[in-house]
Amino acid sequence: MHRCTAALAAFALVLGGCASPRSSPASTPSVGWPVTVTAANGPVAIAARPVRILSLSASATQMLYAIGAGPQVVAVDKYSIDPPQAPRTSMTGYEDSAESYLTVKPDLVILASDAGGTLEAQLKALHVTTMLLPPATTLGDTYAQMRQLGAATGHTLAAGAAVAAVRARIAKIVATVGDRAKGLTYYQELDNTLYTATSHTFIGELFGRLGMVNVADLAGKSSDYPQLSAEYLIQANPQYVFLADTVCCAQNAATFGARPGFDTLRAVRDGHVFPVTDSLASEWGPRVADFLATIADDIAPGSVTPTASPLGGLP
């Protein structure tokens, strides 16, 4: 798997952001059973309301708690640190054998990745229902996955409310910033070897909502997560730089500006190199609104409160 194509499946596993959750929206099951939910692994038949969910996706974990399905979650992967009360384990979602998952007796397993469908096939043989919810490519994917989990867990109405809340918060942030970010060029770093994300990702879509221009787009002909060269970045000369490798790679404005030739970048000269918690910039759950708020506050200080709100600002 390409290193940064895997980033959105794995950065969320390697790194984490943390919010202080309040109670999720109240939810009463609004579907009968059995139900069939279409996920990335096709139609998934769920015979009864899941009560022992294993989430092997940090983003899915956030979504489950946001829609009120937290009490049904019995275990999560070790990278699911938000919300902090989620029952973390040492599992990663990249185990060689699905039999290790049986220790928590799951009736529904949620995966973010499954190369070749190996884990799904093993879980099927073990008579365990599996949903594959891969990294989002658009915000629409985020909303769709929240609704899919709502249908799968019996929280359809709460999932719709959660989607509406995230949409509303993003719209409010965009309206508050107005035209102040329009046309500004930027580079977001995923690691210190210059991997980045183009506008054709949910990350780029968030920046695009503010009217910003991604300098990586011309380099993204073969991948939405291209690796730039230092020469390319120096020539592109972005006005803003966002470092989403502060945890994985210990990067900050000083280390970035100290790289050969980078002291000439406008972002460095103007003091516009900003750290972003790695997971906040790579997880596609309800906290995408928190990520946008952080970026908006860097662009227009004081216009938006950047503090991470509980699970994407849900009531």
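If you're wondering where the values come from, they're calculated on a predicted model, not measured in any experiment.

So, how was this worked out
- Residues numbered from 1 in each chain as written.
- Predicted model: local features only at pLDDT ≥ 70, side-chain atom pairs only at ≥ 80, totals over all residues.
- Heavy atoms only, no water.
- Helix = DSSP H or I, 4+ residues; strand = E, 2+ residues; numbered from the N terminus.
- Polar contact = N/O pair within 3.5 Å; in protein donor to acceptor, adjacent residues only side chain to side chain.
- Pairing = 2+ DSSP bridges.
- Axes fitted to C-alpha atoms, helices over the stretch in contact; angles between N-to-C directions.
- Contact = heavy atoms within 4.5 Å.
- Parallel < 35°, antiparallel > 145°, perpendicular 65-115°, else oblique.
- Left-handed = near helix turned anticlockwise from the far one by under 90°.
- Nonpolar A, V, L, I, M, F, W, Y, C, P; charged D, E, K, R; others polar.
- Buried < 20%, exposed > 50% of the residue type's maximum accessible area, 1.4 Å probe, protein only.
- Phe/Tyr/Trp six-rings, centres within 6.5 Å; stacked < 30°, edge-to-face > 60°.

Re the side chain of S303
Tracing the backbone shows S303 in the segment after helix 10 (288-299). Reaching out from S303, the side chain makes a polar contact with the backbone oxygen of A300 at a distance of 2.6 Å.

With respect to the sheet that holds strand 6 (residues 129-132)
Working definition: the strands of a sheet are paired by backbone hydrogen bonds and lie parallel or antiparallel to each other. The strand order across the open sheet formed by four strands is 4-3-5-6, and the pairing between neighbours is parallel. Of all strands in the sheet, those bounded by a partner on one side alone are strand 4 (73-76) and strand 6. If you compare each strand with its neighbour and ignore which way they point, the axes differ by 20 degrees on average. As paired strands, strand 3 (residues 53-56) and strand 4 are joined by three bridges and run parallel to one another. Residue pairing in the sheet places S55 in a bridge with V76 of strand 4. Strands strand 3, strand 4 and strand 5 (108-111) of the sheet are contacted by helix 2 (residues 58-66), whose axis makes an angle of about 135 degrees with strand 3.

A look at the side chain of S80
Note that S80 resides in the loop between strand 4 and strand 5. In terms of polar contacts, S80 uses its side chain to reach the side chain of T61, at 2.9 Å. Within the structure, S80 has its side chain in polar contact with the side chain of D77 (distance 2.6 Å). For S80, the contacting residues outside a window of four places in its chain are S57, A58, T61, A86 and R88.

Quick notes on the packing of helix 4 (residues 139-153) against helix 5 (residues 156-177)
Direction vectors running N to C along helix 4 and helix 5 enclose 160 degrees, while the axes themselves pass 7 Å from each other. Of the possible angle classes, the one that applies to helix 4 and helix 5 is roughly antiparallel. When you trace helix 4 past helix 5, the crossing you get is right-handed. On helix 5, the residues touching L139, Y143, M146, R147, G150 and A151 of helix 4 are T156, A159, G160, A162, V163, V166, R167 and I170. For the contact of helix 4 with helix 5, the residue count by class is nine nonpolar, three polar and two charged.

Focus: helix 6 (residues 202-209)
Among all positions of helix 6, only F202, I203, G204, L206 and F207 are buried. Where helix 6 terminates, the next one or two residues include G211, which has phi positive at roughly 85 degrees.

As for the sheet that holds strand 8 (residues 213-214)
Spatial ordering of the open sheet is given by 8-7-9-10, a layout of four strands whose pairing is parallel. Here the strands that pair on one side only, and so sit at the sheet edges, are strand 8 and strand 10 (273-275). Two strands pair when backbone bridges link them, and strand 7 (residues 185-189) and strand 8 are joined in this way by two bridges, in the parallel orientation. Looking at the pairing, Y186 lines up with N214 of strand 8.

Some words on the packing of helix 2 against helix 4
The description of two helices packed together rests on the angle between their axes and the distance between the axes. Interhelical geometry of helix 2 versus helix 4 gives an angle of 60 degrees and a closest axis separation of 10 Å. When the axis of helix 2 is compared with that of helix 4, the two are oblique. The crossing of helix 2 and helix 4 is right-handed. Note on element contacts: helix 4 touches helix 2 through T142, Q145, M146, L149 and T153, opposite A60, M63 and L64. Taken together, the residues that form the contact of helix 2 with helix 4 break down as five nonpolar, three polar and no charged.

Considerations on the packing of aromatic side chains
By the definition in use, this model includes eight aromatic pairs. Ring centres of Y186 and F207 lie 4.0 Å apart, and the angle between their planes is 15 degrees; this geometry places the pair in the stacked category. Taken as a pair, Y186 in strand 7 and F207 in helix 6 lie far apart in primary sequence, 21 residues in all. When its relative accessible area of 1% is taken as the criterion, F207 is described as buried. What links up through ring pairs into an aromatic cluster is the set Y186, F207, Y240, F242, F274 and F291.

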